[in-house]
Amino acid sequence: MTTTSPPTQLAAPTEPRARRSRTRNRSEWKGLAFVAPFLIVFLLVFIAPVVYSVYLSLFREQLIGGNAFVGLDNYLALLADPQFWEGFGRVVLFLLVQVPIMLGLALVAALAIDSARLHASGFFRIVIFLPYAVPAVVAVLMWGFIYGDNFGLAANLNDWLGSEVVTPFARNWILVSIGNIVTWEFVGYNMLIFYSALRVIPTDLYEAAELDGAGPMRVITGIKLPALRGAIVIATIFSIIGSFQLFNEPNILRTLAPNIITTYFTPNMYAYNLSFAGQQYNASATVAIVMGLITAVIAYVVQLRGSRKEER
Amino acid sequence: MSTTVAPEVRPSDETRADAASARRTPRRTRRHRNSPLRPRKSVAFTLMMSIFVIYSLVPLAWLVINATKTQSGLVSSFGLWFDDDFVLFQNIWETLTYRDGIFVRWFGNTLLYVVLGAGGATLLATLAGYGLAKFRFTGRRAIFAVVLGAIAVPGTALAVPTFLMFSQLGLTNTPWAIIIPSLISPFGLYLIWVYAVDSVPTELLEAARMDGAGEFRTFFTISIRLLAPGIVTVLLFTVVATWNNYFLPLIMLSDPTWYPLTVGLNQWNAQATGVGAQPIYNLVITGSLLTIIPIVVAFLGLQRFWQSGLSAGSVKQ
């Protein structure tokens with residue numbers, strides 16, 4: 001590395017804009033050098049496990065002949081497995097109900113904080129974002145205790161009402177209870193995604209709207225929501241991924257509601273229990289691959305739809 | 001989008017308040033620089049939005065209040081108020097010394113995973129994001145597409161095979177099983193890439209090149225400073241992710257001496273049920289409180305930096 005005077009002094013833009021091929025060749029390997037450390041670890045902890053997963057899903061441990069290639073048999077077995085479909089149906093239901101509620105709340109919060117009509121909006125922003133910093137384990141333990149009949153607020157409320165009205169661990173309510181925990185954890189995170197997108201809107205757009213006499217609602221529908229489209233697509237994709245991966249919350253609540261939350265409550269729990277309780281690594285890898293494919297396809301479709309609207 | 005939406009009519013009391021404050025300060029200077037139409041602040045609206053604040057804070061308040069109670073006091077007293085005997089400090093002492101101070105050990109493990117895992121992830125993501133943003137090379141698009149696609153891969157799709165791979169390599173039940181997978185943050189790479197495109201002027205880099213400075217020297221002396229707010233933002237997210245990691249250590253570790261706080265706490269909670277149950281809910285609750293304090297402090301402490309990162313990234317004009 002050469003030593004020279006501080007290059008910052010040469011920052012004046014005297015450099016011609018045209019890119020020459022010499023620069024291109026130089027940057028060819030320099031750029032790769034920057035990316036290489038990431039890529040090497042990425043290959044080890046992302047690509048290799050995916051390849052290994054695919055390999056596992058095509059084999060099966062058999063009583064006779066040991067580990068044998070079975071083609072797509074594991075996939076066919078999984079598609080005929082009612083436990084898998086039960087878990088899958090549950091996360092789809094969760095996705096359809098919880099995600100719109102959470103993103104709707106996040107959008108309201110972001111618009112409110114951006115509206116400059118709130119007192120102490122900085123306080124709002126940090127407090128609403130705060131639960132994101134709370135570990136999922138602690139969040140679930142906290143809410144689990146609050147839900148509990150032992151010393152929770154639910155128990156206090158039921159005592160006060162004199163009957164068992166609030167039963168977060170009942171079969172019909174458990175998914176709502178989990179949805180509430182997930183919403184609590186991630187509203188602030190999504191709010192921040194939306195809020196950052198709102199901040200990039202150029203102020204002259206607002207000034208133009210003001211000159212045209214547009215009211216706050218008109219500014220929201222005409223300027224802010226269209227500007228948020230990309231952020232909404234991103235947040236939706238992340239939430240879909242999160243829903244399909246649902247694991248921590250039900251798995252930790254299982255200690256408190258073991259009879260309601262089964263080992264195949266979500267596909268992710270199913271995959272986990274197949275391999276760590278049942279040693280059925282091939283079946284487990286198959287669940288993982290199928291869920292990965294479904295997630296990727298849905299994320300792709302959402303992105304396509306989102307960007308097509310943007311072009312219009 | 002239709003263009004026929006009528007401008008919203010404001011509620012009358014707010015209009016009156018607006019008029020009143022307008023009379024008091026005839027010409028408001030640009031106090032709300034970023035507000036679209038420079039609206040006045042509204043107490044009613046603030047109160048309405050306080051529901052969000054209450055929702056966010058009630059469980060945390062519950063945690064703080066109940067960390068001051070004994071095991072029996074937890075059951076006998078109302079959840080959102082203090083019990084007669086205040087035993088927070090006894091609880092903390094008991095948490096820290098229970099089973100020869102295993103909690104302190106878990107705390108140290110978590111710190112180790114955060115420093116090496118989140119620190120390493122931020123470094124790798126910064127280098128790679130910068131490389132992708134500021135250099136043109138073959139395969140750049142492909143790398144970017146694969147890495148972004150990786151965001152969509154579910155955790156378990158990787159966790160089980162990673163576990164099997166690592167156990168072949170003899171890495172399970174060691175800190176490396178947690179640290180190595182934590183080193184990759186596709187989202188962090190994406191953030192830095194987006195951030196570097198705008199915040200590091202290509203002319204500046206070319207000037208440095210003309211001056212004969214090596215690329216890595218330029219990166220570590222100039223670019224890294226320009227990227228600082230973006231880096232702090234990524235660091236914050238990777239620290240939170242590593243501090244809160246539960247699934248990976250749950251799978252990789254069977255030896256409690258290597259547990260991070262999250263897995264350890266859940267083990268304490270699980271020990272309250274089953275055969276020979278030993279409920280130590282007061283310790284679980286106090287331990288939970290001790291677990292979130294450092295991360296919340298880091299969060300609030302770094303606030304100035306990551307919020308400037310967010311807004312600096314948004315000033316485009």
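Residues numbered from 1 in each chain as written. Chains lettered and ligands numbered in written order. Predicted model: local features only at pLDDT ≥ 70, side-chain atom pairs only at ≥ 80, totals over all residues.

1. Description of the overall build of chain A
For step 1, the next point in the chain: When helices and strands are counted, chain A shows twelve helices and two strands.
For step 2, the next point in the chain: Of the regular secondary structure in chain A, the N- to C-terminal order runs α-β-β-α-α-α-α-α-α-α-α-α-α-α. (Helix = DSSP H or I, 4+ residues; strand = E, 2+ residues; numbered from the N terminus.)

2. Quick notes on the overall build of chain B
For step 1, the next point in the chain: Each helix and strand in chain B was counted, giving 15 helices and zero strands.
For step 2, the next point in the chain: Taken across its 317 residues, chain B has 41% of its residues classed as buried.
For step 3, the next point in the chain: A separation of at least 24 residues holds for 72% of the contacts in chain B among residues at least 6 apart in sequence. (Buried ≥ 20, exposed ≤ 12 C-beta atoms within 10 Å, placed from the backbone. Contact = placed C-beta atoms within 7 Å.)

3. Considering the domain arrangement of chain B
Residues and elements named next belong to chain B.
For step 1, the next point in the chain: Parsing chain B into structural domains produces domain 1 (42-86) and domain 2 (99-314).
For step 2, the next point in the chain: For the side of domain 1 that touches domain 2, the secondary-structure elements that each account for two or more residues are α2 (43-66) and α3 (71-76).
For step 3, the next point in the chain: Looking at the side of domain 1 that touches domain 2, the element that brings in the most residues is α2, giving three residues.
For step 4, the next point in the chain: Classifying every residue of the side of domain 1 that touches domain 2 gives four nonpolar, three polar and one charged. (Domains from an automatic or database assignment. Nonpolar A, V, L, I, M, F, W, Y, C, P; charged D, E, K, R; others polar.)

4. Let's talk about the environment of B:L60
For step 1, the next point in the chain: In this fold, B:L60 is placed in helix α2.
For step 2, the next point in the chain: Each C-alpha atom, one on B:L60 and one on B:V240, is 17 Å from the other, the two residues being 180 residues apart in sequence.

5. Comments concerning the interface of chain A and chain B
For step 1, the next point in the chain: Listed by partner, the interface residues are 100 residues for chain A and 100 residues for chain B.
For step 2, the next point in the chain: A breakdown of the residues in the side of chain A that touches chain B according to their chemical character gives 67 nonpolar, 25 polar and eight charged.

6. A closer look at the domain arrangement of chain A
Residues and elements named next belong to chain A.
For step 1, the next point in the chain: For chain A, the assigned domains read domain 1 (30-71) and domain 2 (74-311).
For step 2, the next point in the chain: Centre-to-centre, using C-alpha coordinates, domain 1 lies 30 Å away from domain 2.
For step 3, the next point in the chain: On the domain 2 side, the residues contacting the eight residues of domain 1 number eight residues.
For step 4, the next point in the chain: Contributing elements (two or more residues each) for the side of domain 1 that touches domain 2: α1 (21-57) and β1 (59-62).
For step 5, the next point in the chain: For the side of domain 1 that touches domain 2, the leading source of residues is α1, giving four residues.

7. So, the UniProt feature "transmembrane region" (unreviewed entry) in chain B
Residues and elements named next belong to chain B.
For step 1, the next point in the chain: Under the present numbering, the feature "transmembrane region" (unreviewed entry) in UniProt falls on residues 43-65, 111-130, 142-164, 176-197, 218-243 and 280-302.
For step 2, the next point in the chain: Helix makes up 100% of residues 43-65 and strand 0%, whereas the separation of the span's terminal C-alpha atoms amounts to 29 Å.
For step 3, the next point in the chain: Taken end to end, residues 176-197 is 86% helix and 0% strand, and its first and last C-alpha atoms sit 33 Å apart. (UniProt positions renumbered as here; feature names shortened; annotations may be inferred.)

8. Structural notes on the environment of A:V138
For step 1, the next point in the chain: Tracing the sequence through the fold places A:V138 in helix α5 (residues 136-147).
For step 2, the next point in the chain: Spatially, the C-alpha atom of A:V138 lies 35 Å from that of A:K224, the residues being 86 residues apart in sequence.

9. Structural notes on the UniProt feature "transmembrane region" (unreviewed entry) in chain A
All names here are of chain A.
For step 1, the next point in the chain: Mapped onto the present numbering, the UniProt feature "transmembrane region" (unreviewed entry) falls on residues 29-52, 91-111, 123-146, 173-195, 227-247 and 281-302.
For step 2, the next point in the chain: With 100% helix and 0% strand, residues 91-111 has end C-alpha atoms that lie 29 Å from one another.
For step 3, the next point in the chain: Overall, residues 173-195 shows 96% helix and 0% strand. The separation of its end C-alpha atoms is 32 Å.

10. So, the environment of A:L105
For step 1, the next point in the chain: Following the sequence through the fold, A:L105 ends up in helix α3 (residues 82-114).
For step 2, the next point in the chain: In this structure, the C-alpha to C-alpha distance between A:L105 and A:V35, residues 70 residues apart in sequence, is 38 Å.

11. A word on the nonpolar core
Soluble globular proteins tend to pack their nonpolar side chains together in the buried interior.
For step 1, the next point in the chain: Core analysis: the largest hydrophobic core is formed by 164 residues, its most contacted members being A:A106, A:A109, A:M191, A:F194, A:V287 and B:I192.
For step 2, the next point in the chain: With residues up to four places along the chain from it excluded, the contact list for A:V287 reads A:L78, A:F84, A:P267, A:Y270, A:A271 and A:L274. (Core = buried A, V, L, I, M, F, W, Y, C linked by C-beta atoms within 7 Å.)

12. Quick word on the packing of helix α4 (residues 121-129) of chain A against helix α7 (residues 174-199) of chain A
Residue and element names in this part refer to chain A.
For step 1, the next point in the chain: Packing of α4 against α7 brings their axes to within 7 Å, and their N-to-C directions diverge by 135°. Compared by their axis directions, α4 and α7 come out oblique. For the pair α4 and α7, the contacting residues are R125, I128 and F129 in the first and V187, G188, Y189, M191, L192 and Y195 in the second.
For step 2, the next point in the chain: Taken together, the residues of the contact of α4 with α7 break down into seven nonpolar, one polar and one charged. (Axes fitted to C-alpha atoms, helices over the stretch in contact; angles between N-to-C directions. Parallel < 35°, antiparallel > 145°, perpendicular 65-115°, else oblique.)

13. Focus: the confidence of the model for chain B
Segments scoring low in pLDDT should not have their predicted coordinates read at a detailed level.
All names here are of chain B.
For step 1, the next point in the chain: Across chain B, pLDDT averages 79, with 80% of residues at or above 70.
For step 2, the next point in the chain: Mean pLDDT across the elements of chain B ranges from a minimum in helix α1 (residues 12-24), with 40, to a maximum in helix α7 (residues 176-182), with 93.
For step 3, the next point in the chain: For residues 312-317, every residue scores under 50 in pLDDT, and the model assigns this stretch nine contacts once sequence neighbours within four places are set aside.
For step 4, the next point in the chain: Confidence estimates for the predicted assembly give a pTM of 0.82 and an ipTM of 0.82. (pLDDT = per-residue confidence, 0-100.)

14. Concerning α2(B)
For step 1, the next point in the chain: The terminal C-alpha atoms of α2(B), which comprises 24 residues, lie 32 Å apart, in line with the 34 Å expected from a rise of 1.5 Å per residue.
For step 2, the next point in the chain: Within α2(B), the full set of buried residues consists of B:M49, B:F52, B:S56, B:P59, B:L63 and B:N66. (Expected span 1.5 Å × (residues − 1).)

15. Focus on α5(A)
Owing to its 3.6 residues per turn, the α-helix aligns residues three or four sequence positions apart on the same side.
For step 1, the next point in the chain: Here α5(A) contains twelve residues, and its C-alpha end-to-end distance of 16 Å stays within 8% of the 16 Å for a straight helix at 1.5 Å per residue.
For step 2, the next point in the chain: With respect to burial, α5(A) is a largely interior element, twelve of its twelve residues being buried.
For step 3, the next point in the chain: Regarding α5(A), the residues found buried are A:A136, A:V137, A:V138, A:A139, A:V140, A:L141, A:M142, A:W143, A:G144, A:F145, A:I146 and A:Y147.
For step 4, the next point in the chain: The secondary structure elements touched by the buried residues of α5(A) are α6 (153-161), α7 and α10 (248-253) of chain A together with α2, α13 (261-270) and α14 (281-301) of chain B.

16. Observations regarding unusual backbone geometry
For step 1, the next point in the chain: Phi at A:A120 takes a positive value of approximately 50°, unusual for a residue other than glycine.
For step 2, the next point in the chain: Turning to its location among the elements, A:A120 is positioned in the loop between α3 and α4.

17. Regarding the packing of helix α4 (residues 88-134) of chain B against α14(B)
All names here are of chain B.
For step 1, the next point in the chain: Relative orientation of the contacting elements α4 and α14 amounts to 95°, with a least axis distance of 9 Å. One element, α4, and the other, α14, form an angle in the roughly perpendicular class. Facing N91, I92, E94, T95, Y98 and F103 of α4, the residues of α14 in contact are N282, L283, T286, G287 and L290.
For step 2, the next point in the chain: Looking at the contact of α4 with α14, its residues break down into five nonpolar, five polar and one charged.

18. Focus on the confidence of the model for chain A
All names here are of chain A.
For step 1, the next point in the chain: Across chain A, pLDDT averages 83, with 89% of residues at or above 70.
For step 2, the next point in the chain: Mean pLDDT across the elements of chain A ranges from a minimum in α6, with 76, to a maximum in α3, with 94.
For step 3, the next point in the chain: Here residues 1-20 is modelled with pLDDT under 50, and outside its nearest four sequence neighbours on either side it reaches 26 contacts, counting other chains as well.

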